[in-house]
Amino acid sequence: VWATTWEDLANRVIAPSLGISALPAIQFDMARHLPTPKLPSVIAWVADRPCAWIDDDLQHDADTWAAGRSVPTLLVHADMTTGMERRHVDQLLAWAREIRRRLD
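This write-up is about the structure you can find in this document. (Residues numbered from 1 in each chain as written. Predicted model: local features only at pLDDT ≥ 70, side-chain atom pairs only at ≥ 80, totals over all residues. Heavy atoms only, no water.)

**What about the side chain of His 88?**
Cut-off, in case you're wondering: Only DSSP runs of H or I reaching four residues or more are called helices, and only runs of E reaching two or more are called strands; each is numbered from the N terminus. When accessible area is computed with a 1.4 Å probe and restricted to protein chains, residues below 20% of their type maximum are described as buried, those above 50% as exposed, and intermediate ones as partly exposed. Throughout, a contact is declared for two residues whenever any of their heavy atoms are within 4.5 Å.
When you line up the elements, His 88 lands in helix H4 (residues 86-103). Judged by relative accessible area, His 88 falls into the buried class, the value being 1%. For His 88, the contacting residues outside a window of four places in its chain are Ile 54, Val 76, His 77, Ala 78 and Gly 83.

Next up, the structure:
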């Protein structure tokens, strides 16, 4: 799922450059004045499912939420000036392999 303020535009611009299929996009109410404005929408979307979230605007409220979850949750803090990098993808893939190993 896309958790970007690009919302559905990500499927037309980002997905093709990554060679991936279209994904659902979370809709955000960015008028909320929270440290991590996307957090309420992400919480509603993921519910009680495992979640990995790469973002350049994750703040303390997102860290607190992730630490308190009873299901696997990974937050990857990307740098705002460089964005998502290969090392972030590698971290996500390693996390997903570990989750799968635990479930098998």
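**Some details on the pairing of strand S1 (residues 51-55)**
Operational definition: Pairing between two strands requires that DSSP report at least two bridges joining them. Think of it like this: strands point away, you trace from the first strand over the helix to the second, and a clockwise trace means the crossover is right-handed.
Side-chain alternation along S1 places Cys 51, Trp 53 and Asp 55 on a buried face and Ala 52 and Ile 54 on a face that remains uncovered. Here S1 pairs with strand S2 (residues 73-77) via 5 bridges, running parallel. Each residue of the ladder has a partner; that of Ala 52, found in S2, is Leu 74. For the crossover from S1 across helix H3 (residues 60-67) to S2, the handedness is right-handed.

**Points about the pattern of salt bridges**
When the charged atoms of two side chains lie near each other, side chains of opposite charge can form a pair. Going by this rule: Salt bridge, as used here: a side-chain nitrogen of Lys or Arg that lies within 4 Å of a carboxyl oxygen of Asp or Glu.
Counted by the stated rule, this structure contains 5 salt bridges. The partner of Glu 98 in a salt bridge is Arg 101, and the shortest N-O contact between them spans 2.5 Å. In this pair, Glu 98 and Arg 101 are both assigned in helix H4, 3 residues apart and thus about one turn of the helix distant. Note on Arg 101: relative accessible area 54%, which makes it exposed. Here Glu 98 ties to Arg 102 by a salt bridge, and the two come within 3.4 Å at their closest N and O atoms. Here Arg 102 and Glu 98 lie together in helix H4, a separation of 4 residues that amounts to about one turn. Assessed through its relative accessible area of 28%, Glu 98 is described here as partly exposed.

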